Amino acid sequence: QVQLVEYGGGSVQAGDSLTLSCVGSGRTFSRYPAGWFRQAPGKEREFVAVVSWSGGGTDYADSVKGRFTIWRDTAEHTVYLQMNSLKVEDTATYYCTAKESPILTPLARQYKYWGQGVQVIVSS
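In this text, all values refer to a predicted model and were calculated from it rather than measured experimentally.

Focus on the pattern of salt bridges
- Under the counting rule described, the total for this entry stands at five salt bridges.
- Across the pair Arg38 and Asp90 runs a salt bridge whose closest N-O atoms are separated by 2.9 Å. Of the two residues, Arg38 sits in strand S4 (residues 34-39) while Asp90 sits in the loop between strand S8 (78-83) and strand S9 (92-98), which places them 52 residues apart along the sequence.
- The closest approach of N and O atoms between Arg67 and Asp90, which form a salt bridge, is 2.8 Å. Within this pair, whereas Arg67 is found in the loop between strand S6 (58-60) and strand S7 (68-73), its partner Asp90 is found in the loop between S8 and S9, the two being separated by 23 residues in sequence. The same class applies to Arg67 and to Asp90, which are both buried.

Rules and cut-offs
- Sequence positions are assigned chain by chain, starting from 1 and proceeding in written order.
- Given that the model is predicted, a residue must reach a pLDDT of at least 70 before its local features are reported, and side-chain atom pairs must reach 80 or more before they are shown or counted; all residues, however, enter totals for whole chains, interfaces and linings.
- Note that the side-chain values use all heavy atoms of the structure and ignore hydrogens as well as water.
- One speaks of a salt bridge when a side-chain nitrogen belonging to Lys or Arg is within 4 Å of a carboxyl oxygen belonging to Asp or Glu.
- Only DSSP runs of H or I covering at least 4 residues are called helices, and only runs of E covering at least 2 are called strands; the numbering of each starts at the N terminus.
- Only protein chains enter the calculation, and the probe is 1.4 Å; a residue is then buried if its accessible area is under 20% of its type maximum, exposed if over 50%, and partly exposed in between.

Structure (structure tokens):
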């Protein structure tokens, strides 16, 4: 079974940067597309970014394009999310996820494995 653990959450000021990381168990994780979703209080979980198993393909939500960057270190079984120019509306619990199909998608139901989540708070 694939297990995912997120690191790097915290409280920052608007305009600051923060980098999240997600460590997956075993080599199987590195064969799966992986990504990040987030969920703010009272709102549904929303897509943030995804990266292909090779690291060469990526996709981002319109709300984070130009500010967030996703990449992976295959040897370390780790996926990263660099968040720049953070806004108050980025405040949420961020979840790492992975899927077995090679097709990149923003639909949460297509992802099989999930981390426990890490909190990001952005204050004005």
